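An overview of the molecular structure
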Amino acid sequence: MRDAFTPLERAALDGLAWELSAVAPDLAGQIAESLPGQRRVQGPVFLTETIVDRRRPNPPETTHGRLGTIHVQIDHLEHPIAFQAEFVNGRLIALHGDAYGQDLSRVTLTGDVVDQVFALRPDGRPVPYDLRDRAEAIRESSPLRKLQANPDPPPAPPPQPAYDPPALDSAFDALLGKRKTKALRPPQTPLEVAGALVFGPGALPQGPPLHPTEPTAEDLTSVRIGVVVLCILVFGALTLATDIPVVVAGILVFWIARLALKKSAVETIARALSARRA
């Protein structure tokens, strides 16, 4: 793409990139990837907005305000024009020019009119800048340009564990002998299926009871579930079919459930049910 900045703007921008390389090292790269926006001339001052490529990453430095002491001498004016770069969060947004009271409204600023470029030291002494020898070198020295040309390497694979579980199992088997695991029969009843899902396989005892009338853990669990369901039904009946207040009915059902869910009561009910089935 052809550079749309005028020779005057380009000379000022290149000079500012050279002067501000310590505080805004990415400025040269931004200039190389930007275009001019709106231009405004008002008496001795003018402003050129800069549009930096949106795809360019934001610079790491957070420079703010207007910086620079670059001066450009053109053949139409008696005195040089002072230039400054305006930054917001390190990003170039405008080029400011001040002709020290000289009227720029009648001067042609778009031709090849650059005679000399220099910066000012704190003591006021000029430091000349050679556009022909250093402009391209400064543009290519932008740290972000190098970063774009060499993207980050792909992330390293996750570290592998320092041990191999199958190998350790084989070693233990060789030292201690083949370990035997107890085979569990698959759950048969709905209660066993629920116990396997909640507590894991083998959580509920699955062998035959010692005595036909002796309740198993499954029987005890079934009795507890039945007591809770029965108490809920009693509470619903008391609140819907009678005039007993809900609070009183709740307290009454709570105490009944508490007594019925005691271990001795649950075992007695389970034995009775087992004997009836036998």
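Since the model is a prediction, treat every value here as computed from it, not as a measurement. (Residues numbered from 1 in each chain as written. Predicted model: local features only at pLDDT ≥ 70, side-chain atom pairs only at ≥ 80, totals over all residues. Heavy atoms only, no water.)

Quick word on the nonpolar core
- Ranked by size, the top nonpolar core spans 33 residues in total, and within it Leu8, Leu16, Leu27, Val72, Ile74, Ile81 and Phe83 carry the most contacts.
- Elements represented by at least two residues in this core include exactly helix 1 (7–19), helix 2 (27–32), strand 2 (45–52), strand 3 (65–74), strand 4 (81–88), strand 5 (91–98) and strand 6 (114–120).
- Ranked by residues supplied to this core, first place goes to helix 1 with seven residues.
- The residues touching valine 72, leaving out its near neighbours within four places in the chain, are Leu8, Ala12, Pro80, Ile81, Phe83, Val114, Gln116 and Val117.
- One finds Val223, Val227, Cys231 and Ala260 within the second-largest nonpolar core, a separate group that totals eleven residues. (Core = buried A, V, L, I, M, F, W, Y, C linked by side-chain atoms within 4.5 Å. Buried < 20%, exposed > 50% of the residue type's maximum accessible area, 1.4 Å probe, protein only. Helix = DSSP H or I, 4+ residues; strand = E, 2+ residues; numbered from the N terminus. Contact = heavy atoms within 4.5 Å.)

Details of the environment of tyrosine 129
- Checked against the element boundaries, tyrosine 129 lands in the loop between strand 7 (126–128) and helix 3 (131–140).
- Note on tyrosine 129: relative accessible area 6%, which makes it buried.
- Separated by 13 residues in sequence, tyrosine 129 and glutamine 116 place their C-alpha atoms 8.0 Å apart.

Some points on a nonpolar patch on the surface
- A cluster of nonpolar residues, Val247, Ile251, Phe254 and Trp255, forms a patch on the protein surface that exposes about 440 Å² of accessible area.
- Its place among the elements puts tryptophan 255 in helix 8 (residues 246–260). (Patch = residues over 30% accessible without salt bridge, like charges linked within 9 Å, V, L, I, M, F, W, Y side chains within 5 Å. Areas by Shrake-Rupley, 256 points an atom, 1.4 Å probe, with all protein chains shown as cover. Salt bridge = Lys/Arg side-chain N within 4 Å of Asp/Glu carboxyl O.)

Some remarks on unusual backbone geometry
- Positive phi, normally seen in glycine, also occurs at asparagine 89, with a value near 55°.
- Assessed through its relative accessible area of 44%, asparagine 89 is described here as partly exposed.
- Look at tyrosine 100: it is not a glycine, yet its phi comes out positive at around 55°.
- We classify tyrosine 100 as exposed; its relative accessible area is 51%.

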